[in-house]
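Residue-level structural notes
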Amino acid sequence: MTEMKDRIKMIMDSQHMTQKVFAQFTGISEGTLSGIFNGRTQPTLKVIDSIKSKIPSVSTDWLLFGLGSMYTDNKETDTVTDPNQVAPGEEGFLDFGDDTATPSQGSTGQGGYAGVSAKVAKSVIKYVDKPQRRIEHITVYYDDKTWETFVPQK
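Residues numbered from 1 in each chain as written. Predicted model: local features only at pLDDT ≥ 70, side-chain atom pairs only at ≥ 80, totals over all residues. Heavy atoms only, no water.

Some details on the overall build of the chain
Across its full length, the chain holds five helices and two strands. Reading the helices (α) and strands (β) of the chain from amino to carboxyl end gives α-α-α-α-α-β-β. The long-range share in the chain, meaning contacts at least 24 apart out of those at least 6 apart in sequence, stands at 48%. Accessible surface, the chain as shown: approximately 11600 Å² in total, 52% of it carbon and sulfur. (Helix = DSSP H or I, 4+ residues; strand = E, 2+ residues; numbered from the N terminus. Contact = heavy atoms within 4.5 Å. Areas by Shrake-Rupley, 256 points an atom, 1.4 Å probe, with all protein chains shown as cover.)

Set out below in structure tokens:
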């Protein structure tokens, strides 16, 4: 059975991408990909989510566990010809990711992905009203070991 790093490499090959181009296209850092391919690190759910968001026809079961075929419905329709191309509906979209997702310690005992869904839940941030802050003083330190303090007028 192939390892997940081999399956990621197979996706790169099927999309005719180098490691650098694949990293830029998916938003995965080159260092992260290098660590995965060298066996230093295991792919995280964030890596899997990045691949699935850019190439949705890749089968999640195949990517995670090696089950079934690489593409859903055996389609390779998501082949990318220009990695800089923005998909329709993604104009102006910034995805800052969710750093809270980590692989679970499954029954394999190896930090695997047993029973882990590839979907990452996004959290909602609530802003709490705080009283407006005021500047009390500003201190400027100079390289000749002197300083000045400025106090705003009331």
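Past the structure itself, the notes keep going.
Focus on a nonpolar patch on the surface
A cluster of nonpolar side chains, namely Ile135, Ile138, Tyr142 and Phe150, defines an oily patch on the protein surface of about 400 Å² accessible area. Within the element layout of this structure, Tyr142 appears in the loop between strand S1 (138-141) and strand S2 (147-150). Of the residues examined, Tyr142 reaches a relative accessible area of 38% and is grouped as partly exposed. (Patch = residues over 30% accessible without salt bridge, like charges linked within 9 Å, V, L, I, M, F, W, Y side chains within 5 Å. Salt bridge = Lys/Arg side-chain N within 4 Å of Asp/Glu carboxyl O. Buried < 20%, exposed > 50% of the residue type's maximum accessible area, 1.4 Å probe, protein only.)

A look at the environment of Thr139
As for its placement among the helices and strands, Thr139 is situated in strand S1. The class of Thr139 is partly exposed, set by a relative accessible area of 27%. Residues Thr139 and Thr149, ten residues apart in the sequence, show an inter-C-alpha distance of 4.3 Å. Those residues within four positions of Thr139 in sequence are excluded, and the remaining contacts are Trp147, Glu148 and Thr149.

Concerning the pairing of S1
As paired strands, S1 and S2 are joined by four bridges and run antiparallel to one another. Opposite Thr139, over in S2, you have Thr149 as the bridge partner. Hairpin connection of S1 to S2: five residues between the antiparallel strands, including Lys145 at a positive phi of 70°. (Pairing = 2+ DSSP bridges.)

As for unusual backbone geometry
Positive phi values are uncommon outside glycine, yet His16 reaches one of about 55°. Residue placement: His16 occurs in the loop between helix H1 (4-14) and helix H2 (19-26). Here the phi dihedral of Lys145 falls at roughly 70°; this positive angle occurs in a residue that is not glycine. Considering the arrangement of structural elements, one finds Lys145 in the loop between S1 and S2. Accessibility expressed as a relative area gives 73% for Lys145, which makes it exposed.

Quick notes on the side chain of Arg7
For Arg7, the position within the fold is in helix H1. Of the side chains bearing the opposite charge, Asp6 lies closest to the buried Arg7, which forms no salt bridge; the N-O distance is 7.0 Å. Ignoring any residue separated from it by four or fewer positions in sequence, one finds Arg7 in contact with Thr2, Trp62, Leu63, Leu64, Phe65 and Gly66. (Lys, Arg positive; Asp, Glu negative; His and termini not counted.)

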